[in-house]
Structure formats: C-alpha cells, structure tokens
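What follows is the residue order along each chain.
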Amino acid sequence: MPVTVPPAPQPAPTPGSGTDAASFDGRPGRLDGFGRALRDLRISVTDRCNFRCTYCMPAEIYGRDFAFLPHEMVLSFEEISRLAGVFVDLGVRKLRITGGEPLVRRDLPQLIGQLAMLRTPDGEPVDLTLTTNGSALRALAGPLAVAGLQRITVSLDSLDDEVAGRMNGVDFPVSRVLDGIAAARAAGLTPIKVNTVVRRGLNESSVLPLARWARDEGVTLRFIEYMDVGHSNGWRMDDVVSADEILALIDAELPLEPVAADYRGEVAGRYRYRDGAGEIGVIASVTRPFCGDCTRARLSADGHLYTCLFAATGLDLKTPLRAGAADVALSEAVRSAWSVRRDRYSEIRSQSTSALPKVEMFTMGG
Ligand code: SAM
Ligand code: SF4
Ligand code: SF4
C-alpha cells in the first residue's frame, strides 16, 4: 500500500482587503485585494547567470548572443538600498537577494552591508538572506557574512555530477557547490537551506540521496515542484513530480510527519523525520498552491515591482527614482500597487493560464 503523508497544516486565510495589515499578523502595513500583507521582498541584483538550468534559462535560448540588461538599466546599490528602505517602512520584514545569479554581481558584499543597516519602524534589523547556485560561494561566503548577511539558500538538484550537469546545463561540478556550502557554514551563514527542483525523468533518483546527505549534514532541504515560470523551459504538467510523490519516496525509507507552519506566508510545507533527525520542506506551488498567504513582492534588476512570480508586467520604479521622486512618492506608488493586488496564478493554473504572457523568473528575481 502506498504511504500517504498528510499535508502540513496551514494557517487559515484572513478575509478583507485594502485595510490595515494588523488583522493579518499584528504588524503595520496595508493589505492587498485578497487581504494579504506585504512582508517579503525578493531583490534581483542581476539578470545574468553562469548556469543554464534547463528549467530556468535553457542554453538553446540563452546563448552567447542573448541580450541581457545593459549596465545602465540595472539599479545601482544605492538605488536598491533606497527602494528596499521604502519597502521596509511599508512593513517588509524579510529581504532575499536573488537573480539571475546574485554572486556574479560585482562587489555584492557592499550591497549586503548597506541593506544590513536598514531598520524597521520598530528599530529592528530586517531578516537578510540570499539564494545562490553556490558556484562562487567558497570565495564569497566569508565577505558576505562579515557584511551582515544572516543566512543562505543554495540550489542543488543532485549529488551526482552527471545528473546535476544535466540540470544546470554547464556541467558545473557538485563538489564545488558542496565546498561553497561548507564555506557558508564556516562563515556562520546558518541554518543553511538547500533548494532542489525535481523534474520528471531527470532527477527523481537524486531525491533520497539528497535527503540522506542533508540529514547527515544538518542542512534543511526543500524540494520545489517544477513550475511553469516564464515561457523558455517548455513546461509540461507531465514533467512535474508532485510533493506527494517526493514525500512518499523519502517516507518509504525515512518516515516523516508534518510540522505546523512557523509563520503566516511560509511557502514550504514542513515535515520532520520521525526519528528526530531534522526536517525537510516541499514547495508545492503546482499541486498545493499557497497564494492565499502570499506576502511576497519582487524587485527586478531594472527596478520593476512584480507582485506575482507569474506576472506579465511590473510597475516601473526606476524611472521615478531616477527622476528624483521623494521616498513618500515611491512609497505611495508601491502601496497603491499592493492595495489592488489580486494575484493568485497558482490557484487558477491551467493549460490556458500557462500560455499567458509571463516574465522569465531570472528577469524578475526567483
Ligand atoms: N541563481 C540562483 C539560484 O539558482 O539559486 C537564484 C535565482 S533562481 C531563479 C531561484 C530559485 O528558483 C532556485 O532555487 C531555482 O532552482 C528555482 N527555479 C528556477 N526555475 C524554476 C522552475 N521552473 N521551477 C521551480 N523552481 C525554479
Ligand atoms: Fe541561473 Fe539560478 Fe536560473 Fe539556474 S535557476 S539558470 S542558477 S538563475
Ligand atoms: Fe504568490 Fe503569485 Fe505564487 Fe500565488 S502564484 S503564491 S500570488 S507569487
């Protein structure tokens, strides 16, 4: 008989919109059109990357001639920090630096230093973290930690070089990513999370070895269902390995039980090993959408605000910023965009929504 792992309990959604966010989680801010507060900002610092993951930037499309953003279109560190400050004043508590590959942006620790100085209206530091493919982490983990980065998430789809190479598109050796993870641990960027996208026919066989490795290493592993982000990856529902399948694969050898979410808006369903040796997460955007609690906004490298990972358009903040707009005007622009937000793409996903115009994930910030 197949083992069924029940879904992790989720907090109940709050009705109401366009009003004070205190009803959401007791903190200040404004609710969107479905009663969700603005709490997280993902900041893309570049649209470039040294990997060509098949599910994100397939090499056939993103070749040598591909026109990434020219330098002058990309926000400077000062511009990013200023906009981040506006978001923090509006209630954002967590900043995640991403891309593209954030570690290819030159002098990134300088930006981390600037963001680490931000304070919430209550005088608290913000939660500051970063997602990376790990390729440059061995060299940068120390400087990032010294600059004020608190934690890190590393993407790794297999421990097997051949399988990982097929996923990352550039045959990048797993051992160098593992060196990066070791450097992050030594630098105190803990707890370390590892993200694994599972794609049918490519890396299901890597699920259990990764789970065993993460248990031994004390790393929190989070499996991500393959998503129909952008249009480059040729996504098909058949290629999605569901969270249930992933959990059953692990549970058959290492029994699991669900854990309640830590906070509203936590995207990963959490499960712990029944023997007490750690936990894993599943980010099941396809089979168990979590739009009802989505508190995330994204700021692209060229200064556009996106209120959904599957959005077709964003709000241009770079133009008013460069034209000299005051913080209060930028804040008002963000507030009104958030107030009318009614995104719930994953809840209404179908073949026809999948064909709608969408910005690529590496462009808006994954
Ligand atoms: N380059 C960095 C990295 O790979 O960690 C940060 C940017 S990447 C776009 C952020 C995350 O999105 C990674 O963990 C990656 O695996 C995930 N991702 C990219 N494309 C995806 C897709 N089609 N479905 C699910 N996750 C995806
Ligand atoms: Fe690069 Fe990350 Fe996209 Fe892979 S998932 S191509 S590492 S941006
Ligand atoms: Fe949030 Fe859009 Fe993802 Fe739903 S589909 S969880 S609204 S980013």
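Data block above holds the structure.
Just so we're clear, the structure is a prediction, and the values are computed from it rather than from any experiment.

Enquirer: What am I meant to see in the side chain of Arg341 here?
Expert: Within the fold, Arg341 resides in the loop between helix H10 (327-339) and helix H11 (351-354). Engagement of the side chain of Arg341 in a polar contact is seen with the side chain of Asp32, the distance being 2.8 Å. A distance of 2.9 Å separates a polar atom in the side chain of Arg341 from the backbone oxygen of Thr307. Every residue in contact with Arg341, bar those within four places of it in the chain, is listed here: Asp32, Gly33, Phe34, Arg36, Cys294, Arg296 and Thr307.

Enquirer: Please clarify how the packing of helix H3 (residues 108-116) against helix H4 (residues 137-147) should be interpreted in this entry.
Expert: Relative placement of two packed helices is described by the angle separating their axes and the distance separating the axes. Interhelical geometry of H3 versus H4 gives an angle of 25 degrees and a closest axis separation of 8 Å. Considered as vectors, H3 and H4 are oriented roughly parallel to each other. The way H3 lies across H4 gives a crossing that is right-handed. Along the contact surface, H3 presents Leu108, Pro109, Ile112, Gly113 and Ala116, while H4 presents Leu140, Pro143, Leu144 and Ala147. Classifying every residue of the contact of H3 with H4 by side-chain character gives 8 nonpolar, 1 polar and no charged.

Enquirer: Explain the nonpolar core to me, please; I cannot follow it from the model alone.
Expert: Soluble globular proteins: nonpolar side chains tend toward being buried together. Ranked by internal contacts, the top residues of the largest apolar core, which has 106 residues, are Ile43, Phe87, Leu95, Leu108, Leu115, Ile152 and Ile250. It is helix H2 (residues 77-89) that provides the largest number of residues to this core, a total of 7 residues. Leaving out residues up to four positions away in the same chain, Phe87 has contacts with Leu38, Leu41, Val92, Ala297, Leu305, Leu317 and Val334.

Definitions and cut-offs
- Residues numbered from 1 in each chain as written.
- Chains lettered and ligands numbered in written order.
- Predicted model: local features only at pLDDT ≥ 70, side-chain atom pairs only at ≥ 80, totals over all residues.
- Heavy atoms only, no water.
- Helix = DSSP H or I, 4+ residues; strand = E, 2+ residues; numbered from the N terminus.
- Polar contact = N/O pair within 3.5 Å; in protein donor to acceptor, adjacent residues only side chain to side chain.
- Contact = heavy atoms within 4.5 Å.
- Axes fitted to C-alpha atoms, helices over the stretch in contact; angles between N-to-C directions.
- Parallel < 35°, antiparallel > 145°, perpendicular 65-115°, else oblique.
- Left-handed = near helix turned anticlockwise from the far one by under 90°.
- Nonpolar A, V, L, I, M, F, W, Y, C, P; charged D, E, K, R; others polar.
- Core = buried A, V, L, I, M, F, W, Y, C linked by side-chain atoms within 4.5 Å.
- Buried < 20%, exposed > 50% of the residue type's maximum accessible area, 1.4 Å probe, protein only.

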